[in-house]
Amino acid sequence: VQLQASGGGLVQAGDSLRLSCAASGRASGAYAVGWFRQAPGKEREFVAAINWSGSTTYDANSVKGRFTISRDNTKNTAYLQMNSLKIEDTAVYYCAARRAGYPTASMLATQYVYWGQGTLVTVSS
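Scoring rules and cut-offs
- Residues numbered from 1 in each chain as written.
- Predicted model: local features only at pLDDT ≥ 70, side-chain atom pairs only at ≥ 80, totals over all residues.
- Heavy atoms only, no water.
- Helix = DSSP H or I, 4+ residues; strand = E, 2+ residues; numbered from the N terminus.
- Pairing = 2+ DSSP bridges.
- Axes fitted to C-alpha atoms, helices over the stretch in contact; angles between N-to-C directions.
- Disulfide = S-S within 2.5 Å.
- Phe/Tyr/Trp six-rings, centres within 6.5 Å; stacked < 30°, edge-to-face > 60°.
- Buried < 20%, exposed > 50% of the residue type's maximum accessible area, 1.4 Å probe, protein only.
- Lys NZ or Arg CZ within 6 Å of the ring centre and 35° of its normal.
- Salt bridge = Lys/Arg side-chain N within 4 Å of Asp/Glu carboxyl O.
- Contact = heavy atoms within 4.5 Å.
- Polar contact = N/O pair within 3.5 Å; in protein donor to acceptor, adjacent residues only side chain to side chain.

A. Broad picture of unusual backbone geometry. With a phi close to 55°, Asn76 is a non-glycine residue in the positive phi region. As for its placement among the helices and strands, Asn76 is situated in the loop between β7 (67-72) and β8 (77-82).

Written out as structure tokens, the structure reads:
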């Protein structure tokens, strides 16, 4: 099972980016997906999560109203739409997936067993 995160880059404050997380080699079964980020010198933090059906999402307070998580199960891909980016959003963003058979979204990194390699988002003033 591999997760491939992409879509990061250098943008200015106020701009938008959409991150993608493509899953390959996945065993059959429903699973939740989450996005986490780690800024330089800081610990990894939760950003957003979505359940298998897409009916339930969780967002960190710091991104609420600006970021939207979604998924397309036909493409085995999850997305993180990031609008109104701020300098403090600068971080490496990681997507993660729970084990097949665990469709419920979680804000806890320990609930996720598969992790992508990360994609860097840099927001400048």
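That covers the picture; the talk isn't over yet.
B. Looking closely at the sheet that holds β8. The strand order across the open sheet formed by four strands is β1-β3-β8-β7, and the pairing between neighbours is antiparallel. This sheet does not close on itself; its edge strands, each paired only once, are β1 (2-6) and β7. In this sheet, neighbouring strand axes are inclined to one another by 15° on average, regardless of whether the strands run parallel or antiparallel. Both β1 and strand β3 (residues 17-24) contribute to a ladder of five bridges, which runs antiparallel. Pairing of Gln2 across the sheet is with Ser24, part of β3.

C. Just the state of the cysteines, in detail. Going through the model one piece at a time under the given rule, you end up with one disulfide. There is a disulfide in this structure between Cys21 and Cys95, and the S-S distance comes to 2.1 Å. Of note, the bridge from Cys21 to Cys95 carries an S-S torsion of about 70° and is right-handed in sense. Residue Cys21 is located in strand β3, and its partner Cys95 is located in strand β9 (residues 91-97); the two are separated by 74 residues in the primary sequence.

D. Spatial organisation of the packing of aromatic side chains. This model, assessed by the stated rule, comprises five aromatic pairs. Aromatic side chains Tyr112 and Trp115 sit 6.5 Å apart centroid to centroid with 70° between the ring planes, which places their arrangement in the edge-to-face category. What makes Trp115 partly exposed here is its relative accessible area of 28%. An aromatic cluster is present here, built from Phe36, Phe46, Tyr112 and Trp115 joined pairwise through their rings. Residue placement shows Arg44 over the ring face of Trp115; its charged tip is 4.4 Å from the ring centre.

E. Region of interest: the pattern of salt bridges. Per the counting criterion, the structure on display carries three salt bridges. For the salt bridge of Arg37 with Asp89, the shortest nitrogen-to-oxygen distance reads 2.9 Å. One end of the pair, Arg37, is in strand β4 (residues 33-38); the other, Asp89, is in the loop between β8 and β9, with 52 residues separating them in the sequence. Taken as a pair, Arg37 and Asp89 share a single burial class, namely buried. Look at the salt bridges and you will find they share partners, linking Arg37, Glu45, Arg66 and Asp89 into a network.

F. Representation of the environment of Tyr93 in the model. As for its placement among the helices and strands, Tyr93 is situated in strand β9. Residues Tyr93 and Gly25, 68 residues apart in the sequence, show an inter-C-alpha distance of 21 Å. Apart from residues no more than four positions distant in its own chain, Tyr93 is found in contact with Leu19, Trp35, Phe36, Arg37, Val47, Phe67, Leu80, Met82, Gly118, Thr119 and Val121.

G. Layout of the side chain of Ser106. Looking at the secondary structure, you find Ser106 in the loop between β9 and β10 (114-115). With relative accessibility at 9%, the residue Ser106 sits in the buried group. Side-chain polar atoms of Ser106 contact the backbone nitrogen of Leu108, separated by 3.0 Å. Apart from the residues lying within four places of it in its own chain, the contact partners of Ser106 are Phe46, Ala49, Tyr58, Arg98, Gln111 and Tyr112.

Take it as geometry only, folks, not as evidence of what the structure does.
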